[in-house]
Amino acid sequence: MISTNQVETERLTKSREFFVDRTFHTKSDHTALEEDLLERLILVLEENPEQAILIQNVFQQDEVPCRVEAIADGASAIDFLYRRGIYENASRPDLILLDLDLPGKTGHEVLKELKSDPQFRRIPVIVLTFSEKKEDIFQSYVLQGNSYVIESSERDRLTEIIQRIKDFWLGIVTLPGE
C-alpha cells in the first residue's frame, strides 16, 4: 500500500519536472545550441585606450563567445559600420558601447546617424560615458539610445559596471539578428 506521503512526493516530483521543462527551456534545444555557439561582436567606441582594453577584457572572459572591436573616433566608427575603407570586411556589431566624448564625430552625432538608418536601427546602443549632464542623458534617449550608463573612474567599479552590462545584454536579452 502506498502512503499519502509517497503519493504527495511523486506528485511534487512530477510537478517540479514539468515546471523545469516549461520554465527553463523556453527555446528549443536546437535554437539554444545555435545561439550559444554564435560569437557576438561588441563594438566599443571609446577614445581612451585603457578603458577600451578594460571593456574588452571583461567581455572576453567567461563562456559567452565575444569579439570586441574598439574604435577611438566617431568618423572611423561610421566607416566601420558602413564597411568603408580599411573596414570593408567589417561585420555588423551585435551591441555598441558608445562614449559621447569622441573626436571626429561626437557620440551624439554617431548615435543620430545610427538610429536614423534602418539597417542599424535595431543594434542596441549603450551610451557609456562620464557625462552626468541632464541634457546629454536626455539627448541620448531622444536619439534612441537603448540605455545611458555613467562610467566610473575607479577601475574596480568600472569593471563591475561592464560586467553587469555584459550579463544583461548577452545573458538575459535576446539580441536581434541581421
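One structure accompanies this document, and this report is about it.

The next subject is the environment of K166. Tracing the sequence through the fold places K166 in helix α7 (residues 155-172). Here the alpha-carbon distance between K166 and L95, two residues 71 residues apart in the chain, equals 9.9 Å. Those residues in contact with K166 that sit more than four places away from it in its chain are V58, F59, Q61, D62, V64 and G171. A polar side-chain atom of K166 sits 2.5 Å from the main-chain carbonyl oxygen of Q61.

Here we come to helix α4 (residues 74-81). Where burial is concerned, most of α4 is hidden: six out of the eight residues are buried. Every buried residue of α4 is listed here: G74, S76, A77, I78, F80 and L81.

On to the side chain of D94, then. Along the chain, D94 turns up in the loop between α4 and β3 (95-98). On the basis of relative accessible area, D94 is assigned to the buried category, the value being 13%. Among the polar contacts made by the side chain of D94, one reaches the side chain of R40 at a distance of 3.5 Å. A distance of 2.8 Å separates a polar atom in the side chain of D94 from the backbone nitrogen of L41. Dropping the residues within four chain positions of it, D94 is found in contact with E39, R40, L41, I123, P124 and L175.

Rules and cut-offs
- Residues numbered from 1 in each chain as written.
- Predicted model: local features only at pLDDT ≥ 70, side-chain atom pairs only at ≥ 80, totals over all residues.
- Heavy atoms only, no water.
- Helix = DSSP H or I, 4+ residues; strand = E, 2+ residues; numbered from the N terminus.
- Contact = heavy atoms within 4.5 Å.
- Polar contact = N/O pair within 3.5 Å; in protein donor to acceptor, adjacent residues only side chain to side chain.
- Buried < 20%, exposed > 50% of the residue type's maximum accessible area, 1.4 Å probe, protein only.

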